[in-house]
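Listed below, chain by chain, are the residues.
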Amino acid sequence: MFKKINVIFILFLISLPLFLAVCAGPPERRPEEKNGKIYGLTKSFRNQWYDYYERGLSFADGGFREKAEFDLRDAIRKRNEDQRRARTFGRHFIDYFPHRELGVVLYEQGKTEEAIRELELSLEMEKSAKTECYIDKARKSLIEQKQQDFSLPEITLLSPAQPFLTHDFSVFIQGIAKDYRQFVRHISVGGKSVRIDVSEREIPFRVKVPLIPGVNRIPISATNLAGRTSETVALVTVDCAGPMVSIDSVDASLSENKVTIRGYASDDSGIAELLINGETFPVEGRPSELEFQKTVTFQKELTLAVTDIAGNVTVVKKDSISDKEISSNLLASNKNPLFLSDAQNDCLPATSPFVKIELNKREAGLNKSEIEWTTYLEQAVIDGVIDSDKAGTELIVRSGEKEIFRLKKSPRKTYHFSCISLLNEGENIIKMTAVSPSRHTDGLTIKIHRKIPAVESPQARLKLALKDFDITTGKNVEERLSIGFENRLSAGMIGHEPRRFRCVEKLNLNQNTDNETARKEAKRQGFDLILFGKIEERTNSMEKNSVIISTRIESTRTEDSEPSDIIVKDTDVFGEDADRDNIHEMLKALAERMKLKLIDELPVIKGKIEEKPKKDEIIVDFGEEEKIRQGMELIVYEQSTDGDSKPLGEAKIKAVKEKIFHAHVTKPKNTEKIQQGHLVITK
């Protein structure tokens, strides 16, 4: 009996604290005063979810975290989901993030693991920059608390295959960075930071990197939340010179209707393919030198096309009977060759070295030491021939002061060549120098003026209007924090290079103008898009100032009776600082971050029409991975041989899939001239 009483007594003592805690319940949540300011006071309290949420935020600002926690949990019990523009009553809406704010309160109480759970739950429901910021803080704090062992991110390069050889002047570097213990937070590829809004265990990346001729060592780095960095390098070699091709002999037999061609080709990258009048000459392996002989059906014009491993092609055309070079669209003969002396006097036979050049299928006469040419193309293709009475002549090609390529000494007296030069906007100077075996030189300077096609110019881009942002300030904010943010943002967006918008202007409207009226006014003034924004300012009892700025971009092109297309939805930034003197720099950083996010959400992409299933519908060859979305506008155009563009009409994206999208042709009404194979570019 005595033992039984003891057991009951012990159980009573164990359960007593729990019983008292339950009886005590949550703390009494009356308003609190701190530093002369009142926290936890609402206009009216009717036990609605938004009442608990408002009071919880106020308690959190005052540092009364336990009371804030209970209010936020009560709000969640009444309405669980984090949501932007949650309707309270009538036509009143608020941004409702109880899980996020509870996560912040728990983090500030040192309940880090609980905080992470709430923040991750909030992010699943509704993405926000403040949630992302505090998830990173909490994860980093937990890593430090647990004193986890040293960890490094793992970088896996998916493409291109290593090492990679190409004749292009850009490449997409694609891969994935992983850190399952300490999370990946930053990735850089070729000096470009990958946009990462929040740390993750795995983050894929795909970055377009510009290349230069020769070997490109592209650095890739990944950094985790603990600040530890892994690095690797992608090796990409740009070979912009085609094979050297020599024709040793051409023997035509008219009686047998056959022609036999003998010759030699060489390329440091290796020869991939040889076509003679469209017939394939077998190439085994990847030889750097190739002697060839082939008999083909007689044709008056003999065409050789030699392709190297990088994809460069050198084309040679000959007359089958006379064995003379044919003037064609691919290689034009010149009546005034450039002579290069191989002796100390000028009395030389016509077999001294000379260069014949054609630029992008246009003849360039070499009766001058300098020629000029205008194009809209991004690259210049240079074809030519070296002819000498001795083997071993070199050719050096420079763009500006940079050497594009150098053709090694050929064992043949005559050889054909080709190369590609990337062109910048404006004047490009290409210098070609031939060097004889005895080191005498002569050369040619080519000035190429590159113009920007009309569809790529700033005048073809979008016109963006800004409405004054709506402002919400906490009760304890004594002075506006974000004055002038819209001006900072618009100046940054119009000044960004490459230019994304034709113009960015703030509408001159009354302060109380609603969004629908502003959209109609933007449409009347000829703007394509309008940017709406909202700023939430708070100051807590520790004088920490925080700003949340959220934006969305809507089209002005929809009919007044239709809902507008939301082109960029709910893009936001978040910042906080305890030093009011730093507010200026914080807002500057937030404007820059918002600008980069918005431009990233509105990429300028070029593609090709793959199908035209209906008279007013087109299917284009890129999709979700390029960040395009429903409602975006396109210019449809065709490209001329010199690279200029001729606009044919406009279209609007209706449905986006992984690799393609469907668009509706909006201009012109007669869509017959828009066909498969035409090009598109986002406005």
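Visitor: Break down the overall build of the protein chain for me, citing the residues and quoting the values.
Guide: Scanning the protein chain for helices and strands turns up nine helices and 41 strands. Taking the intrachain contacts of the protein chain between residues at least 6 apart in sequence as the baseline, contacts between residues at least 24 apart amount to 63%. When the accessible surface of the protein chain is summed, it comes to about 34400 Å², and 48% of that surface belongs to carbon and sulfur atoms.

Visitor: Which residues make up the pattern of salt bridges, and what are the values?
Guide: Under the criterion given, the structure shown has 46 salt bridges. The shortest N-O distance in the salt bridge between Arg77 and Asp74 comes to 2.2 Å. One end of the pair is Arg77 and the other is Asp74, both in helix 3 (residues 65-78) and three residues apart, which spans about a single turn. You can call Asp74 buried: its relative accessible area is 12%. The salt bridge partner of Lys627 is Asp600, with a shortest N-O separation of 2.4 Å. In this pair, Lys627 sits in the loop between strand 37 (617-620) and strand 38 (633-639) while Asp600 sits in helix 9 (residues 583-601), placing the two residues 27 residues apart along the sequence.

Visitor: With reference to specific residues and values, describe the packing of aromatic side chains.
Guide: Under the defined criterion, the tally for this structure stands at 12 aromatic pairs. Aromatic side chains Tyr107 and Tyr134 sit 5.8 Å apart centroid to centroid with 75° between the ring planes, which places their arrangement in the edge-to-face category. With Tyr107 in helix 4 (residues 98-108) and Tyr134 in helix 6 (residues 129-146), this pair connects stretches of sequence that are 27 residues apart. Its relative accessible area of 23% is what places Tyr107 among the partly exposed residues. The exposure class assigned to Tyr134 is buried, which follows from its relative accessible area of 3%.

Visitor: So what's going on with the pairing of strand 13 (residues 244-253)? Residues and values would help.
Guide: Looking at chain direction, strand 13 and strand 14 (residues 258-266) are connected through nine bridges and run antiparallel. Of the residues in strand 14, the one forming a bridge with Ala252 is Val259. With antiparallel pairing between neighbouring strands as the criterion, strand 13 and strand 14 make up a hairpin whose turn holds four residues, including Asn257 at a positive phi of roughly 55°.

Visitor: Give a detailed account of the side chain of Lys597, specifying residues and quantitative values.
Guide: Note on placement: Lys597 falls in helix 9. At a separation of 2.7 Å, a polar atom in the side chain of Lys597 contacts the main-chain carbonyl oxygen of Asp572. Beyond its immediate sequence surroundings of up to four residues, Lys597 is in contact with Ala129, Arg195, Asp197, Thr571, Asp572 and Val573.

Visitor: Summarise helix 4; cite the residues concerned and give the values.
Guide: For helix 4, a buried count of nine out of 11 residues is recorded, marking the element as mostly surrounded by other parts of the structure. Listed as buried for helix 4 are Pro98, His99, Arg100, Glu101, Leu102, Gly103, Val104, Val105 and Leu106. Those residues of helix 4 hidden inside the fold are in contact with helix 2 (49-62), helix 3, strand 4 (92-96), helix 5 (112-125), helix 6 and strand 34 (545-555). Just past helix 4, the residue Gly110 takes up positive phi, approximately 85°.

Visitor: Let's hear about the nonpolar core: which residues, and what values?
Guide: Counting residues in each nonpolar core, the largest one holds 45 residues, and the members touching the most others are Leu464, Phe485, Ile549, Ile553 and Ile618. Among the elements that make up this core, the one with the highest residue count is helix 9 (eight residues). Within the second largest apolar cluster, 44 residues are counted, among which are Phe169, Val194, Met244 and Leu423.

Visitor: Residue-level account of the sheet that holds strand 8 (residues 184-189), with values.
Guide: Taken together, the five strands give an open sheet; going across it, the order is 6-12-11-8-9, and neighbouring strands pair in mixed fashion. The strands lining the two open edges of the sheet, one partner per strand, are strand 6 (164-166) and strand 9 (192-193). In this structure, strand 11 (residues 214-224) lies alongside strand 12 (residues 229-238), joined through 10 bridges in antiparallel fashion. Looking at the pairing, Arg217 lines up with Leu235 of strand 12.

Visitor: Could you give an account of unusual backbone geometry, naming the residues involved and the relevant values?
Guide: Geometrically, the link from Glu497 to Pro498 is a cis peptide bond, its omega value of 0° lying close to zero. Along the chain, Lys667 connects to Pro668 via a cis peptide bond; the corresponding omega equals -10°. Even without being glycine, Asn35 reaches a positive phi, approximately 55°. Mapped onto the elements, Asn35 comes out in the loop between strand 1 (32-34) and strand 2 (37-39). On the basis of relative accessibility, which here comes to 63%, the residue Asn35 falls in the exposed class.

Visitor: An account of the packing of helix 3 against helix 4 is requested, with residue identities and associated values reported.
Guide: Two quantities define a packed helix pair, namely the angle between the helix axes and the distance between the axes. As a packed pair, helix 3 and helix 4 sit with axes 9 Å apart at the nearest point and diverge in direction by 155°. By the angle between their axes, helix 3 is roughly antiparallel relative to helix 4. For the pair helix 3 and helix 4, the crossing hand works out as left-handed. Here helix 3 contributes Arg65, Ala68, Glu69, Leu72, Arg73 and Ile76 to the contact with helix 4, which in turn contributes Pro98, His99, Glu101, Leu102, Val105, Leu106 and Glu108.

Visitor: Residue-level account of helix 9, with values.
Guide: The terminal C-alpha atoms of helix 9, which comprises 19 residues, lie 27 Å apart, in line with the 27 Å expected from a rise of 1.5 Å per residue. By the burial criterion, the buried members of helix 9 are Ile583, Met586, Leu587, Leu590, Ala591, Met594, Lys595, Lys597, Leu598, Ile599 and Glu601. On its buried face, helix 9 is in contact with helix 6, helix 7 (485-495), strand 32 (501-506), strand 33 (529-539), strand 34 and strand 35 (566-577).

Visitor: Explain the packing of helix 2 against helix 3 to me, using residue names and the numbers behind them.
Guide: Their axes nearest at 8 Å, the elements helix 2 and helix 3 cross at an angle of 160°. Viewed along their axes, helix 2 and helix 3 adopt a mutual orientation that is roughly antiparallel. Our pair here, helix 2 against helix 3, has a crossing hand that is left-handed. Between helix 2 and helix 3, the residues in contact are Trp49, Tyr52, Tyr53, Arg55, Gly56, Phe59 and Ala60 and Lys67, Ala68, Asp71, Leu72, Asp74, Ala75 and Lys78, respectively. The class makeup of the residues in the contact of helix 2 with helix 3 is eight nonpolar, one polar and five charged.

Rules of the game
Residue numbers run consecutively from 1 along every chain, following the written order of its sequence. Only residues with pLDDT of at least 70 get local features here, since the model is predicted, and only at 80 or more are side-chain atom pairs given and counted; chain-wide, interface and lining totals rely on the full set of residues. The side-chain values count all of the structure's non-hydrogen atoms but skip hydrogen atoms and water molecules. Note on conventions: DSSP H or I runs of at least 4 residues are helices, E runs of at least 2 residues are strands, and numbering of each starts at the N terminus. Here, residues are in contact when the closest pair of their heavy atoms is within 4.5 Å. Accessibility throughout is a Shrake-Rupley quantity obtained with a 1.4 Å probe, and a residue counts as covered only by protein chains that appear here. Any carboxyl oxygen of Asp or Glu within 4 Å of a side-chain nitrogen of Lys or Arg constitutes a salt bridge here. Only protein chains enter the accessibility calculation, which uses a 1.4 Å probe; a residue whose area is less than 20% of its type maximum is buried, one above 50% is exposed, and one in between is partly exposed. Classification of ring pairs uses Phe, Tyr and Trp, with its six-membered ring standing for Trp, and accepts pairs whose centres are within 6.5 Å; under 30 degrees between planes counts as stacked, over 60 as edge-to-face, and the remaining range as tilted. Whether two strands pair depends on DSSP finding at least two bridges between them. N or O atoms within 3.5 Å of each other form a polar contact, as long as, within protein, one can give a hydrogen and the other can take it, and as long as residues adjacent in sequence are counted only when both atoms are side-chain atoms. The criterion is simple. A nonpolar core is a set of buried Ala, Val, Leu, Ile, Met, Phe, Trp, Tyr and Cys residues joined through side-chain atoms within 4.5 Å. Think of each axis as a best-fit line through the C-alpha atoms, taken over the contacting stretch in the case of a helix, with angles from 0 to 180 degrees between the N-to-C directions. Relative orientations are named as follows: roughly parallel for angles under 35 degrees, roughly antiparallel for angles over 145 degrees, roughly perpendicular for angles from 65 to 115 degrees, and oblique for any other angle. Should the near helix be turned anticlockwise from the far one by less than a right angle, the crossing is termed left-handed; should it be turned clockwise, right-handed. Expected helix span is computed as 1.5 Å times (number of residues minus one). Note that Gly is not counted as nonpolar here; it falls among the polar residues with everything else outside the nonpolar set of Ala, Val, Leu, Ile, Met, Phe, Trp, Tyr, Cys and Pro and the charged set of Asp, Glu, Lys and Arg.

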